[in-house]
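Residue strings, one per chain:
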Amino acid sequence: MLSIKKYAAIDIGSNAVRLLISNVIEQKDKPVVFKKNSLVRVPIRLGADVFIKGRISKENTQRMLDTMLAFKLLMKSHKVVKYKACATSAMRESKNGSDVVDAILEHSGISIDIIDGEEEAAIIAATDLNKFIDPEKVYLYVDVGGGSTEFSVINKGQQIASRSFKIGTVRLLNDMVKKEAWSELNQWIKENTSEYDKISVIGSGGNINKIFKVSGKALGKPLTYFYLTTYYNTLQSYSYEERITELALNQDRADVIIPAMRIYLFAMKWSGAKHIYVPKIGLADGIIKSIYFNTVSSNTQ
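Residues numbered from 1 in each chain as written. Predicted model: local features only at pLDDT ≥ 70, side-chain atom pairs only at ≥ 80, totals over all residues. Heavy atoms only, no water.

Novice: With reference to specific residues and values, describe the layout of surface pockets.
Specialist: Within this model, the second largest pocket holds a volume of roughly 180 Å³. What lines the second largest pocket is Lys-137, Val-138, Asp-197, Lys-198, Ile-199, Ser-200, Gly-272, Lys-274, His-275 and Tyr-277. For the lining of the second largest pocket, a count of residues per class yields three nonpolar, three polar and four charged. (1 Å grid on protein atoms, 1.4 Å probe; cavity = no way out; pocket = protein on both sides within 12 Å on 5 of 7 lines; lining within 4 Å. Points joined across faces, edges and corners; volume = space filled by probe spheres on them. Nonpolar A, V, L, I, M, F, W, Y, C, P; charged D, E, K, R; others polar.)

Novice: Explain the sheet that holds strand E7 (residues 149-155) to me, and be specific about the residues and the numbers.
Specialist: If you walk across this open sheet you meet the six strands as E8-E7-E6-E9-E11-E10, and the pairing is mixed. The open sheet terminates on both sides in strands that have one partner only, identified here as strand E8 (158-165) and strand E10 (223-224). Judged from the five bridges that link them, strand E6 (residues 138-144) and strand E9 (residues 200-204) form a sheet pairing that is parallel. Bridge pairing links Tyr-141 to Ile-202 in E9. Where helix H12 (residues 257-271) meets the sheet, its contacts fall on E6, E7, E9, E10 and strand E11 (275-277), and the angle it forms with E6 comes to roughly 160°. (Pairing = 2+ DSSP bridges. Helix = DSSP H or I, 4+ residues; strand = E, 2+ residues; numbered from the N terminus. Contact = heavy atoms within 4.5 Å. Axes fitted to C-alpha atoms, helices over the stretch in contact; angles between N-to-C directions.)

Novice: Outline the packing of helix H2 (residues 58-78) against helix H4 (residues 97-108), listing residues and values.
Specialist: One way to put it is that H2 packs onto H4 with a least axis distance of 9 Å and a crossing angle of 40°. By the angle between their directions, the pair H2 and H4 is classed as oblique. For the pair H2 and H4, the sense of crossing is right-handed. Across from Thr-61, Met-64, Leu-65, Met-68, Leu-69 and Lys-72 in H2, the residues of H4 making contact are Val-100, Ala-103, Ile-104, His-107 and Ser-108. Here the contact of H2 with H4 is built from residues that sort into seven nonpolar, three polar and one charged. (Parallel < 35°, antiparallel > 145°, perpendicular 65-115°, else oblique. Left-handed = near helix turned anticlockwise from the far one by under 90°.)

Novice: I'd like a rundown of the pairing of E8, residues and numbers included.
Specialist: Bridge count between E7 and E8: seven bridges; the pairing is antiparallel. Among the inter-strand pairings, Ile-154 is bridged to a residue of E8, identified as Gln-159. Taking the residues that link successive antiparallel strands as the turn, the E7-E8 hairpin has two residues, and the phi of Lys-156 there is positive, at about 50°.

Novice: Tell me what's going on with the packing of helix H5 (residues 117-125) against helix H13 (residues 283-292), and back it up with residues and numbers.
Specialist: When two helices pack together, their arrangement is given by the angle between their axes and by how far apart the axes lie. Between H5 and H13, the least distance of the axes is 7 Å, while the angle of their chain directions is 75°. Classified by the interaxial angle, the pair formed by H5 and H13 is roughly perpendicular. Within the contact between the two elements, H5 uses Glu-120, Ile-123 and Ile-124 and H13 uses Leu-283, Gly-286, Ile-287 and Ser-290. When the residues that make up the contact of H5 with H13 are grouped by side-chain class, the tally is four nonpolar, two polar and one charged.

Novice: Explain the pattern of salt bridges residue by residue, including any values.
Specialist: Overall, the coordinates contain eight salt bridges when judged by the stated rule. In this structure, the salt-bridge partner of Arg-18 is Asp-11, at a minimum N-O distance of 3.3 Å. Its salt-bridge partner being Lys-84, residue Asp-113 comes within 2.4 Å of it at the nearest N-O pair. Here the residue Asp-113 occupies a position in strand E5 (residues 112-114), and Lys-84 occupies one in strand E4 (residues 82-87), the gap between them amounting to 29 residues. The exposure class assigned to Asp-113 is partly exposed, which follows from its relative accessible area of 29%. Overall, Lys-84 belongs to the buried group, its relative accessible area being 3%. Sharing partners across several salt bridges, the network here consists of Glu-93, Lys-166 and Arg-171. (Salt bridge = Lys/Arg side-chain N within 4 Å of Asp/Glu carboxyl O. Buried < 20%, exposed > 50% of the residue type's maximum accessible area, 1.4 Å probe, protein only.)

Novice: Now, about the packing of aromatic side chains: what can you tell me, with residues and values included?
Specialist: Under the definition given, this model contains 12 aromatic pairs. Relative to Trp-270, the ring of Trp-182 has its centre 6.3 Å away and its plane inclined at 70°; by these criteria the two rings are edge-to-face. Of this pair, Trp-182 sits in helix H7 (residues 179-193) while Trp-270 sits in helix H12; the two residues are 88 residues apart in sequence, bridging distant segments of the chain. Accessibility classification places Trp-182 together with Trp-270 in one group, the buried group. Members of the aromatic cluster, connected to one another through ring pairs, are Tyr-7, Phe-34, Tyr-292 and Phe-293. Seen from the ring of Phe-51, Arg-171 lies directly overhead, with NZ or CZ sitting 3.9 Å from the centre. (Phe/Tyr/Trp six-rings, centres within 6.5 Å; stacked < 30°, edge-to-face > 60°. Lys NZ or Arg CZ within 6 Å of the ring centre and 35° of its normal.)

Shown next, in the form of structure tokens:
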């Protein structure tokens, strides 16, 4: 007996807002399959408001209202049965974040949970990394966002340390990350990885996904530290405009991709990793799985 239901996840990040709709496929005596059906991404960049002025602007509040109503209608058209909307760093730190959440609920009927960094890391971990990793190896999992980056150390399939740092691409673009934050991250990575002889990094987030796509590597094959360094230097040799016109990067990707690469490169350097795996997963995937396995409360359409 085959059962296919549609679940949705809304990820309200500091750089972009995403709607992921997935088919949840159940078959008798077989593991459940999660298959991406549709992904819509809107680059609202809430972090540019919040990290500088402390609040979400009127313009971006209106864009959020319009986007959430559009997401609501898309979910209805797709016949989504369950969904969850999560907001991260920017909404968390915004003085008017809860007001915007209330306005969205009233305007579109979408209920949003503002989650902390630790909960964000836990939901991302629910993506079942075991499908992508060697259970005998040690990994440093790095999920780079616009406002924060979540780090987890995974040893033999078990998460043994996890922490969220306020080092994100939008913050870095606006020169809002102090040396102390980098030093703290350096110390945390070294303290939690130094006992292992060999470690690899797992990278998630839109920027590393784009870099992986550009590399032409087969899914499951890692990128090297050398490749990442070379590509980082290449990107820096182009102006912002040239990255859009000559490298075909979207305008909201062409600026944040460089600070994102800095975070991944530092994570590899400080952990001693020579390879980075890119399984193309993130918060939205984790939300879908968390809804299915009832580890988070969800809403119905």
